[in-house]
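Summary of structural features
Read off the chains here:
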Amino acid sequence: MNSITKKWLLVVGARPNFMKIAPLIRAVKAYNDSNGAGILPFLVHTGQHYDFNMSDAFFRDLDLPQPDLHLGVGSGNHGEQTGKVLIAFEKVLLEQKPDLVIVVGDVNSTLACALAAVKLHIPVAHVESGLRSFDRKMPEEINRLLTDAISDYLFTPSPEGDENLLKEGIPEEKIFLVGDIMVDSLLYHLDQAKKTNILARLGLTATTADIPPGPTSDSLCSASQLLAPCSKLSYALVTLHRPANVDNRESFEPILQGLLQVTEKMPVIFPIHPRTLKQVRALNLAADFEFHDSWDVKPEGYYEDGVLRKKIHCFAPLGYLEFLNVMAHASVVLTDSGGIQEETTVLDVPCITLRDTTERPITLTEGTNVLVHNDPERIVLEVEKALDVNRKRSRCPSIWDGHTAERIVEILASPLCSPIPRRMG
Ligand code: UD1
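This is a predicted model, so every value here is computed, not measured. (Residues numbered from 1 in each chain as written. Predicted model: local features only at pLDDT ≥ 70, side-chain atom pairs only at ≥ 80, totals over all residues. Heavy atoms only, no water.)

Taken together, 20 residues are adjacent to the ligand, and Gln48, His49, Glu140, Arg275 and Lys278 come closest. Glutamine 48 is positioned with one of its side-chain polar atoms (N or O) 2.8 Å from an oxygen atom of the ligand. One of the side-chain nitrogen or oxygen atoms of histidine 241 is found 2.9 Å away from an oxygen atom of the ligand. Across the complex, the protein chains shield 89% of the 740 Å² of accessible surface that the ligand would expose by itself. (Near = heavy atom within 4 Å. Polar contact = N/O pair within 3.5 Å; in protein donor to acceptor, adjacent residues only side chain to side chain. Areas by Shrake-Rupley, 256 points an atom, 1.4 Å probe, with all protein chains shown as cover.)

What follows is the structure in structure tokens.
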């Protein structure tokens with residue numbers, strides 16, 4: 001073992017962070033093993049997400065070690081939540097004295113931890129840097145801009161990220177094009193995900209009724225040579241949680257109108273985010289949903305005497321592996337998530353994004369993704385296109401190869417030997 005020991009503090013807070021940190025922890029261990037290095041990964045969970053299905057299930061599925069520290073900040077308004085993380089994380093830094101802090105993504109915990117570290121002159125690495133929706137009403141856009149402005153190492157998933165950062169005046173030597181870290185988790189876990197029994201539990205095995213034409217049971221995921229063929233089943237998968245979509249009736253209702261029309265074509269499966277569930281109740285929209293207490297549903301849950309029931313079927317949020325399995329086999333995904341736009345690109349699953357901007361334009365040009373905002377007619381039109389045999393197919397960016405975490409660790413570890421980081425890309 002090398003006598004130089006460095007402590008790297010890695011931060012997770014909310015659901016989309018876990019699959020970005022897991023590959024880094026694996027890569028650090030592998031780097032230590034093959035280089036005789038002594039990098040000590042120290043995992044901090046801010047507690048921004050705390051429900052079992054939003055957090056613990058991901059630790060289980062991704063084989064993440066239990067956090068070394070859990071700050072338990074919980075929910076709150078943006079200022080309150082960001083402030084609580086900032087205060088708690090500064091104490092951690094003063095106590096732990098890490099050599100480096102690694103933050104991922106664009107959630108409130110990302111910004112708060114980067115800010116606490118930079119004020120204490122601790123170097124910060126931001127993974128998934130340079131993404132811009134150019135919509136400053138999105139809380140995540142503010143988190144991205146500010147985190148990138150104060151980070152020392154900016155790891156981008158695609159070339160547009162580099163361009164955005166350079167335009168904002170970030171020095172070139174801080175920017176590293178390394179690929180998409182979420183794809184590391186996807187490729188690493190896909191086979192395992194496909195072995196979960198969630199499709200059968202959700203009653204989503206192939207039925208004789210209503211199999212749509214086009215990318216049905218024998219179509220192949222062609223996006224990546226790395227993926228084994230993956231059959232498509234007759235259902236649409238929905239995820240929806242952005243405040244701009246669900247926090248007021250004017251934006252939520254048109255989306256619902258579109259989804260209800262999709263239910264006339266195939267079952268609509270909606271693992272519902274806690275925020276959205278609250279809003280469905282607060283806005284009195286529950287009549288359009290069928291709420292299932294468990295994931296064990298018989299096909300008759302969707303079909304009655306061979307005829308499709310016309311409701312959006314809601315379930316508790318799924319864990320990482322189960323969600324990946326349901327996404328990989330969906331005929332179409334409708335979402336306002338950022339990461340799912342990338343995952344569907346890799347899986348070559350048609351993706352309809354319920355937003356009018358995206359910080360991931362590569363998924364529009366290379367992937368299956370289309371933006372429809374909250375327009376019900378466009379939702380239905382794009383679902384029809386997705387079910388057509390000649391639908392848009394995706395090409396997976398070549399740098400999304402499952403080795404992003406290794407590239408990051410290689411770059412960050414190089415100051416162990418030399419103070420000048422190497423530039424890639
Ligand atoms: C956060 C991220 C968003 C990310 C999303 C994924 C920010 C600004 N937003 O949004 O970028 O796409 O996570 O889920 O950081 N709640 C629970 N249990 C939980 C977590 C949340 O019940 O484990 C409820 C609470 O009522 C909370 C609400 O959901 O008030 C919203 O949670 P919050 O963490 O504030 O934001 P998200 O909408 O989850």
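If you walk across this open sheet you meet the seven strands as β3-β2-β1-β4-β5-β6-β7, and the pairing is parallel. Strands at the two margins of the open sheet, each flanked by one partner only, are β3 (69-70) and β7 (175-177). Both strand β1 (residues 5-12) and strand β4 (residues 100-104) contribute to a ladder of three bridges, which runs parallel. Of the residues in β4, the one forming a bridge with leucine 10 is isoleucine 102. Contacts from helix α3 (residues 78-96) reach β1, β2 (38-45), β3 and β4, with the element oriented near 170 degrees to β1. Set on the sheet, helix α16 (residues 404-413) makes contact with β1, β2, β4, β5 (124-127), β6 (153-156) and β7; between it and β6 the angle comes to about 160 degrees. (Pairing = 2+ DSSP bridges. Helix = DSSP H or I, 4+ residues; strand = E, 2+ residues; numbered from the N terminus. Contact = heavy atoms within 4.5 Å. Axes fitted to C-alpha atoms, helices over the stretch in contact; angles between N-to-C directions.)

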